[in-house]
Amino acid sequence: MEPYRLSNYNQFLIKKDSVIGVNLHKQYLFSLDREKFDLLKENRSNLTALKEKSPVLFSTMYKLGIIEDSEIDIPNILIMRNRQQVFSNESFRLIINPTLNCNFSCWYCYETHSKKYMSKETVESVIKFIESLATKNKISTYPFFDRKIRLSDGVYLGLLREF
Ligand code: SF4
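All figures in this text were calculated on a predicted structure; none of them were measured in a lab.

Caption draft 1: Structural detail: the overall build of the chain. Scanning the chain from terminus to terminus reveals six helices and five strands. Along the chain, helices and strands appear, N-terminal first, in the series β-β-β-β-α-α-α-β-α-α-α. Split into buried and exposed, the 163 residues of the chain put 12% on the buried side. Considering only intrachain contacts with a sequence separation of at least 6, the fraction spanning at least 24 residues in the chain is 54%.

Caption draft 2: Focus on unusual backbone geometry. Backbone geometry places Lys 16, a non-glycine residue, at a positive phi of 50°. Structurally, the position occupied by Lys 16 is in the loop between strand S2 (10-15) and strand S3 (18-23). Even without a glycine there, the phi angle at Gln 27 is positive, about 65°. One can find Gln 27 in the loop between S3 and strand S4 (28-33).

Caption draft 3: Examining the sheet that holds S3 more closely. In spatial order, the strands read S2-S3-S4; together these three strands make up an open sheet with antiparallel pairing. Edge positions in the open sheet fall to S2 and S4, since each of these has one partner strand only. The mean inter-strand angle of the sheet, taken between neighbouring strand axes irrespective of direction, is 20°. Sheet topology note: the S3/S4 ladder contains six bridges and is antiparallel.

Caption draft 4: Structural context of the nonpolar core. Core analysis: the biggest nonpolar cluster contains twelve residues, these being Tyr 4, Val 19, Leu 32, Phe 37, Leu 40, Leu 47, Leu 57, Phe 58, Met 61, Leu 64, Ile 66 and Ile 67. Counting residues per element, the ones that place at least two in this core are helix H1 (34-42) and helix H3 (55-63). The greatest single-element share of this core, amounting to three residues, is contributed by H3.

Caption draft 5: Local environment of the environment of Tyr 62. Its location among the elements puts Tyr 62 in helix H3. Among the residues examined, Tyr 62 registers 15 C-beta atoms within 10 Å and is labelled partly exposed. Sequence spacing of Tyr 62 and Tyr 4 is 58 residues, and the spatial spacing of their C-alpha atoms is 9.2 Å.

Caption draft 6: Structural detail: the environment of Ser 45. Topologically, Ser 45 is positioned in the loop between H1 and helix H2 (47-53). A sequence separation of 43 residues divides Ser 45 from Glu 2, and the C-alpha atoms of the two residues are 7.9 Å apart.

Caption draft 7: Structural detail: the confidence of the model for the chain. Residues with a pLDDT of 70 or more make up 83% of the chain, whose mean pLDDT is 83. Under a pLDDT of 50 for its full length, residues 147-153 has, in the predicted model, 14 contacts with residues more than four places off or in other chains.

Caption draft 8: Quick look at the pairing of S3. Of the two faces of S3, only one is covered, namely that formed by Val 19, Gly 21 and Asn 23; the face formed by Ser 18, Ile 20 and Val 22 stays uncovered. Both S2 and S3 contribute to a ladder of six bridges, which runs antiparallel. Each bridged residue has a counterpart across the sheet, and for Phe 12 the counterpart in S3 is Gly 21. The hairpin formed by S2 and S3 contains two residues between the paired strands, and Lys 16 there has a positive phi angle of roughly 50°.

Criteria and cut-off values
Residues numbered from 1 in each chain as written. Predicted model: local features only at pLDDT ≥ 70, side-chain atom pairs only at ≥ 80, totals over all residues. Helix = DSSP H or I, 4+ residues; strand = E, 2+ residues; numbered from the N terminus. Buried ≥ 20, exposed ≤ 12 C-beta atoms within 10 Å, placed from the backbone. Contact = placed C-beta atoms within 7 Å. Pairing = 2+ DSSP bridges. Axes fitted to C-alpha atoms, helices over the stretch in contact; angles between N-to-C directions. Core = buried A, V, L, I, M, F, W, Y, C linked by C-beta atoms within 7 Å. pLDDT = per-residue confidence, 0-100.

Now the structure itself:
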């Protein structure tokens with residue numbers, strides 16, 4: 001099995017003689033000669049050969065995350081990193097979005113202003129969730145997603161009554 005592969009998190013923008021690249025996992029932005037980019041592409045299924053042919057290009061691409069070890073499991077690494085951040089943090093920021101039915105009409109708005117509201121079951125689940133966080137002293141504020149949301153809706157008032 002080929003020990004290296006091109007990362008699925010690569011994005012390239014070809015501009016005549018040069019290529020701008022980014023690896024969304026490592027988050028490095030860089031530019032590359034078109035000639036080197038073509039060499040990388042030609043050897044995409046045999047990166048070990050590229051390592052022999054052009055060691056400097058290979059090691060640069062490896063450092064930037066463009067080339068990665070085949071056995072590395074990036075999605076799982078990202079999930080782990082996210083869980084570490086979420087669960088190692090003492091505080092928990094919760095944003096409640098009871099409806100997308102905003103009563104403003106900003107000229108640049110792209111929302112459909114759906115009339116849907118949070119169901120009673122969802123409200124109850126949110127309340128239980130907040131209670132469990134509050135018991136663990138994980139939460140101290142409950143910001144609503146949009147302060148402009150109509151208060152005539154029972155959902156919003158229901159949540160306010162509870163807390
Ligand atoms: S406040 Fe936001 S959702 Fe409401 S109309 Fe303006 S842009 Fe749209």
